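The lines below spell out each chain.
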There are 2 protein chains.
Amino acid sequence: MNCEVLCIGTELLHGDIINSNAAYISKNLAKIGIDVHYHSVVGDNPGRMKDAFNLAFSRADVVICTGGLGPTKDDITKEILAEYFNLPMEFDEKSLEHLKMMYSRFRREMPENNLRQTYFPKGSIVLTNNNGTANACILDVSDKKKIGILLPGPPKEMMPLIDEEVIPYLSKFSHEIVVGYKVAVMGVGESMAETMIMDIIDGQTNPTIAPYAGDGKMVFRVTAKAENKEKADELIKPIIDELLRRFGENAFVLETDKIEDVTFKKLVESGLTIATAESCTGGLIASKLVSYPGISSVFKEGFVTYSNEAKIRTLGVKKETIDRYSEVSEEVVKEMAEGACRVSGADIGVATTGIAGPSGSTPDKPVGLVYICVYYKGNYNVLKTIHNGSRDIVRERASINAIEMVRKSIL
Amino acid sequence: MNCEVLCIGTELLHGDIINSNAAYISKNLAKIGIDVHYHSVVGDNPGRMKDAFNLAFSRADVVICTGGLGPTKDDITKEILAEYFNLPMEFDEKSLEHLKMMYSRFRREMPENNLRQTYFPKGSIVLTNNNGTANACILDVSDKKKIGILLPGPPKEMMPLIDEEVIPYLSKFSHEIVVGYKVAVMGVGESMAETMIMDIIDGQTNPTIAPYAGDGKMVFRVTAKAENKEKADELIKPIIDELLRRFGENAFVLETDKIEDVTFKKLVESGLTIATAESCTGGLIASKLVSYPGISSVFKEGFVTYSNEAKIRTLGVKKETIDRYSEVSEEVVKEMAEGACRVSGADIGVATTGIAGPSGSTPDKPVGLVYICVYYKGNYNVLKTIHNGSRDIVRERASINAIEMVRKSIL
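This one's a predicted model, so the numbers in the text were calculated from it and none came from an experiment. (Residues numbered from 1 in each chain as written. Chains lettered and ligands numbered in written order. Predicted model: local features only at pLDDT ≥ 70, side-chain atom pairs only at ≥ 80, totals over all residues. Heavy atoms only, no water.)

Participant: What is the right way to look at the relation of the copies chain B and chain A in this model?
Facilitator: Related by rotation about an axis and a shift along that axis, the two copies of the chain form a pair. Rotating chain B by 180° about the axis while translating it 0.9 Å along that axis superimposes it on chain A, leaving an RMSD of 1.0 Å. Each copy turns onto its partner about a two-fold axis. Both copies share a contact surface, since 84% of the interface residues of chain B are interface residues in chain A too. (Least-squares fit on C-alpha atoms with pLDDT ≥ 70 in both. Contact = heavy atoms within 4.5 Å.)

Participant: Would you take a moment to explain the packing of helix α12 (residues 308-315) of chain B against helix α14 (residues 330-344) of chain B for this structure?
Facilitator: In a pair of packed helices, the angle between the axes and the distance between the axes together describe the arrangement. Residues and elements named next belong to chain B. Packing of α12 against α14 brings their axes to within 9 Å, and their N-to-C directions diverge by 40°. One finds that α12 runs oblique with respect to α14. The two elements α12 and α14 cross, and the hand of that crossing is left-handed. Residues K311, T314 and L315 of α12 lie in contact with α14, whose contacting residues are V332, E335, M336, G339, A340, R342 and V343. When grouped by side-chain class, the residues that make up the contact of α12 with α14 number five nonpolar, two polar and three charged. (Axes fitted to C-alpha atoms, helices over the stretch in contact; angles between N-to-C directions. Helix = DSSP H or I, 4+ residues; strand = E, 2+ residues; numbered from the N terminus. Parallel < 35°, antiparallel > 145°, perpendicular 65-115°, else oblique. Left-handed = near helix turned anticlockwise from the far one by under 90°. Nonpolar A, V, L, I, M, F, W, Y, C, P; charged D, E, K, R; others polar.)

Participant: Just to check I follow, could you spell out the sheet that holds strand β14 (residues 299-304) of chain B for this structure?
Facilitator: Remark on secondary structure: sheet strands pair via backbone hydrogen bonds, oriented parallel or antiparallel. A sheet is described by the order of its strands in space; here 10 strands give the open sequence β17(A)-β16(A)-β15(A)-β13(A)-β14(A)-β14(B)-β13(B)-β15(B)-β16(B)-β17(B), paired in mixed fashion. The two strands at the open ends of the sheet, each matched to only one other strand, are β17 (379-386) of chain A together with β17 (379-386) of chain B. Neighbouring strand axes in the sheet, compared pairwise and without regard to direction, differ in orientation by 10° on average. Pairing of strand β13 (residues 274-278) of chain A with strand β15 (residues 348-354) of chain A involves five bridges; the strand directions are parallel. Paired with A:I274 across the strands is A:I348, a residue of β15(A). Running over the sheet, α14(B) touches β13 (274-278), β14, β15 (348-354), β16 (369-376) and β17 of chain B and is turned about 145° from β15(B). (Pairing = 2+ DSSP bridges.)

Participant: Just to check I follow, could you spell out the nonpolar core for this structure?
Facilitator: Nonpolar side chains in soluble globular proteins generally cluster together in the buried interior. The biggest cluster of nonpolar side chains holds 55 residues, and the ones touching the most others in it are A:I64, A:L170, B:I64 and B:L170. The contact partners of B:I64, leaving out residues within four places of it in the chain, are B:C3, B:E4, B:V5, B:L6, B:I25, B:L29, B:I149, B:L151, B:V166 and B:L170. Counting residues in each nonpolar core, the second largest holds 40 residues, with A:A275, A:V332, B:C341 and B:L369 among its members. (Core = buried A, V, L, I, M, F, W, Y, C linked by side-chain atoms within 4.5 Å. Buried < 20%, exposed > 50% of the residue type's maximum accessible area, 1.4 Å probe, protein only.)

Here it is, written out as structure tokens:
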């Protein structure tokens, strides 16, 4: 069984919003062993929508479509699907109740045009959307061996329907599951990392190893198909062990999509407390810490000392150090990290200072230059990095690097 | 002239990464009046890649393709395009120099397989990629009236090539431009906002007004086509004036993609200094401030006081206040905002405290509850909000709300 994800919306084609739906749906289908061969996006245009459905059903067994279930006259996805299968539209009583309930909850009167949201292609399984007015549907046309699934476009409405309705429904068609693990490799170039394990990548069909790189990190995705998780894990374990052996302390297994969570988990387990002192990253490290549930037991305090005045007053950085070496220097970042520990009483201090751009560079200090320091047990571990890219990219990478340095410090 | 965006990468189909490239490319093509009718994503599979190119060129004049320009044997986009046009691959001296330069900069030896990155379909205009090893190309096959453009997959490599090479190249084929403005509306529900201006939306063809909503904000995109910017602006101005009139101080024109930049610009213009005191948002507000170039003149300092100990020691929040009302309360958020001002000497203090979840709720304090306070000129402006969604969503929305409150405070 294979699936195509078809997203409807002119706002996607205009680039006004990024298509996160296709990724979310694909990731969840992969877990139950359903391959996705294509993503397509088309605007709210009847002719092109018809073409897109024709094409999608010509190459996939299941077409999952997002968008175009709203109350306006541009919302015609259900009608196009009905037309494709030559089915009439049918009134759904349950959806009318749903609409009435949603409008009474918001204490608003239901506009007439919302009634369009109570009609579905005949034979549809109607799915209740608990986060919006637009109910969704699964149309399983068994004599044609095709399944069309229509979901609302807003991610917060679409995602629960995938989790609670679509994946359970499609699971029964899949006889194997796909289990994937991600191994992150930090501080080794993409090409170098790939070369180091080329022999493993080449030799494998199940599990497969797929590299991908981005934002200063390299991740290998190790994926196995098997009839259950235990058997898949058995296939995967030797591969992961070998990757960890070859890359040593530069590699670790990711448990979530956020690479920094590995560090935060270790931090919480260790019970070591941490404080941040950020200049150019301006709170990004603190914000990543706080995004980790349970960090409160170890995160003492964060200081965003973007101004020199704050570096001096709050962290006790010496004015002479700034005057002599400038605020973007190894000497200042060390005083910041140590100051964060001293003021907050934390075990570990992590600090950044740099030139995120676009302005602020000097002949010997280019845009993208960032000093990072981790202070722990009286030792200063300093990294000087230069990143290309926008202000936000420089800051993001510096944050990721800083958190990685914390991980290595507490290893 | 119309264009299709074709993104190559199995990692996209697995949902490992979100396809932000298609949106970026589309947005920039829209500005020069080139329509995009389809986005497609296909994996690193030669057969399906060929099909995808065939299909894309059958319905579009220009196909912009990202991904598959790397050094590995999976990277075959250039070969597939050459095959489509029946052209041989040709060595590009400039690309060899580029590779040597990139490797010498990183002080690493160039692996043999990188040489694949020096071959392009014959007749290509090779584009130098200043942010990576993979050079890009434009293949303008004038006798077939088709243009194929191949770009690297990583966004930070792709984006500058779009800005500096692709858009200037394609601009010459476009006789009109599209100018768009965005008007944000905060604090008014989506349906309500749309209803309030339904008569304007319905009556318009040029400019058009398209609403889109997400993450607690509502944005109307007003777009006009004309032969030059002045004429487009003339068409747009009366519409924007009318939107601003109807929504009053809840509406403002966005100058960047970040809704918060409007506040930050006003802040810098006003010369009023600001300090942040964040609990549940944990540095997100500070981080957004620092992402705005030039904020250093007004951003005094940020405090991430996630622990009660830090709230008391650093901001001077009274222990009795926490004991009596709990740390998630109107009373505490007020003391935090005032404390941030007092400690830093800033004119404005903005503070947050809340329960971002997933745990930490009590019967009368649900997950998603956030108190926000802006302290300015002796006045406390407090907002209590409850957001549905994940920890990160709650924190993001609270940050956006807090920054919007700063905007209204200094109006």
